[in-house]
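Now for the letters of each chain:
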Amino acid sequence: MNRNRLTNHTLPTVLFVDMNSFFASCEQQDNYWLRGRPVGVCVYTGQHGCIIAPSVEAKTKGVKTGMRLDEAMRLCPDLVPVETHPTRYRSYHVKLISVLKQFADDVVPKSIDEAVIDLTNYQLVYKDMEQLARTIKVAIRNEVGDWLRCSIGIAPNVFLAKLASDLQKPDGLTVITPDTIDSVLRSLRLTDLPGIGYRMAVRLEDGGIRTPLDLRYASPQRLKSICKSIVGLHWHLRLNFAGEVDLDSHEEYKSMSAMRTISQEQRSSAERLDELLQSLCLTLERRMVRQGVFCQNLSFSCRYHTGKTYNCEVSFTDPMQDGPDMYRIISERLARFQAAHHCEPVLNEHLRSMSVVVHRFVPADAVPFSLFTNDSRKNTLRKTLYDLKTRFGADKLIRATELRDNPAYRDVIGFGNIKDL
């Protein structure tokens, strides 16, 4: 359901729950020895691994998301590297949402570690939103995990509640109202506002908007002119309590991507690289099956340690969903490219990362039958396969191509990756 609305609303009835250092806290929750120690969650723990989630203790010592593991270890010698466990984080996310729904039906997950509770229709039930937030914190500790902490922001709309949740970490509780918003914005920079990155900040500054207060008091017409889109109007609505534009709970996929950074061990073997490409295609197959869509476009790209890149894009006459077919098409493209240019293999020892992206989706029930091939049985079998995986576990029924002693592809999860849950 899309709960966005264009009505003035000044009461702080929206709660934004932001779990603190979520991945690392889940590891500490399940491993008592890690509690109180600086922890860095990584996809792999070699020296060139990357920190994807530092614990609260690691953050206080300067360890940041995206930092290389060897750099983090120099900065914090007692850092404990831990390999990521996506299934664990998904399980805690489901428990979290279940607890939040005990307080209201209007709960919208925004990412794996964030959720919105819209209490606009519960004002007769909850008289004191701050006390309710404290109750929610206790419920999370009691029913999800005693080592898990969250920061909660309370405001009249989702954007300001998100901003409030960022102001005090860890374990914070902040309220933004029409009486306090100017004092909050006065202490911030444009890039401190969720959704404003460096490039947007430059565009706003070029238009004379240099501070969050300037942004709040600019007219909607001026902001639309500077942003060259309706985004400018959205900023006016968010900062002036004039509407809600961030509560759409059923945002559709515009594209799906599967990407992996290549380890040294994987780069050294052509078979491992080929296996990884197959696994990326199967990952996209799984996601398309679960979302009930086929794709009409596919792109494949590689990045190398030399700074060079390789890219190709394919459009399909008949919409596609099958992972092995996508792998075959990419492999044929690579072979033709290598033959035409008499060059070394595209998948070589200099590879840094590879990604496969699919887009231009068609609903499965709208895919036309081909005049020359009948894939209906194949499509039904593929859907049945993933239905069984969902019911009995992903490892209970697998393709022969997935049978490997030491798979190159490892399950990972991003903070925003919740649509498939």
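See the structure shown above.
Residues numbered from 1 in each chain as written. Predicted model: local features only at pLDDT ≥ 70, side-chain atom pairs only at ≥ 80, totals over all residues. Heavy atoms only, no water.

The nonpolar side chains of a soluble globular protein tend to be buried, and buried together. Core analysis: the largest hydrophobic core is formed by 39 residues, its most contacted members being Leu-15, Leu-100, Ile-117, Leu-119, Ile-136 and Ile-140. Of all the elements in the fold, those that place two or more residues in this core are strand 1 (14-19), helix 1 (22-30), strand 2 (39-42), strand 4 (80-83), helix 4 (86-100), strand 6 (114-118), helix 5 (129-143) and strand 7 (150-155). Ignoring any residue separated from it by four or fewer positions in sequence, one finds Ile-136 in contact with Leu-15, Leu-100, Phe-103, Ile-117 and Ile-152. (Core = buried A, V, L, I, M, F, W, Y, C linked by side-chain atoms within 4.5 Å. Buried < 20%, exposed > 50% of the residue type's maximum accessible area, 1.4 Å probe, protein only. Helix = DSSP H or I, 4+ residues; strand = E, 2+ residues; numbered from the N terminus. Contact = heavy atoms within 4.5 Å.)

This part covers helix 4. Between the first and last C-alpha of helix 4 there are 21 Å, a value that for 15 residues agrees with the 21 Å anticipated at 1.5 Å per step. Looking at helix 4, one finds that the buried residues are Pro-86, Tyr-89, Tyr-92, His-93, Leu-96, Ile-97, Val-99 and Leu-100. Viewed end-on, helix 4 has its buried residues packed into an arc of 155 degrees, placing them on one side of the element. Facing away from the buried side of helix 4 by more than 90 degrees, the exposed set consists of Thr-87 and Val-94. (Expected span 1.5 Å × (residues − 1). Arc of directions from axis to C-beta.)

A word on the sheet that holds strand 9 (residues 255-261). Pairing is antiparallel in the open sheet, where four strands are placed in the order 9-12-10-11. Edge strands, defined here as strands with exactly one partner in the open sheet, are strand 9 and strand 11 (309-320). When strand polarity is set aside, the average angle formed by the axes of neighbouring strands in this sheet is 15 degrees. In this sheet, strand 11 lies alongside strand 10 (residues 293-304) in antiparallel orientation, the contact comprising eight bridges. For Leu-298, the partnering residue across the bridge sits in strand 11 and is Val-314. Each of strand 10, strand 11 and strand 12 (351-363) touches helix 14 (residues 323-341); the most contacted strand, strand 11, lies at about 135 degrees to it. (Pairing = 2+ DSSP bridges. Axes fitted to C-alpha atoms, helices over the stretch in contact; angles between N-to-C directions.)

Okay, empty space enclosed by the protein next. Enumeration according to the criterion identifies one cavity of 30 Å³ or more in this entry. Its volume calculated, the largest cavity comes out at about 50 Å³. What lines the largest cavity is simply Arg-5, Thr-7, His-9, Pro-156, Asn-157, Phe-241, Ala-242, Gly-243 and Glu-244. A class-by-class count of the residues in the lining of the largest cavity yields three nonpolar, four polar and two charged. (1 Å grid on protein atoms, 1.4 Å probe; cavity = no way out; pocket = protein on both sides within 12 Å on 5 of 7 lines; lining within 4 Å. Points joined across faces, edges and corners; volume = space filled by probe spheres on them. Nonpolar A, V, L, I, M, F, W, Y, C, P; charged D, E, K, R; others polar.)

Relative to the helices and strands, Val-99 resides in helix 4. On a C-alpha basis, the gap between Val-99 and Glu-143 in space is 7.3 Å, while along the polypeptide they are 44 residues apart. In this structure Val-99 touches Ala-139, Ile-140, Glu-143 and Val-144, once residues within four positions along its chain are discounted.

Another aspect to go through is the sheet that holds strand 4. Reading across from one edge, 3-2-4 is the order of the three strands in this open sheet, with mixed pairing throughout. Since the sheet does not close on itself, it has two edges, and those belong to strand 3 (51-54) and strand 4, each with one partner. Pairs of neighbouring strands in the sheet enclose a mean axial angle of 35 degrees, with direction left out of account. Here helix 1 sits on the sheet in contact with strand 2, strand 3 and strand 4, set at roughly 110 degrees to strand 2.

What follows covers the state of the cysteines. With the rule as written, the count across this model stands at zero disulfides. For Cys-295, which is in no disulfide, the shortest distance to another cysteine sulfur is to Cys-281 and amounts to 9.9 Å. (Disulfide = S-S within 2.5 Å.)

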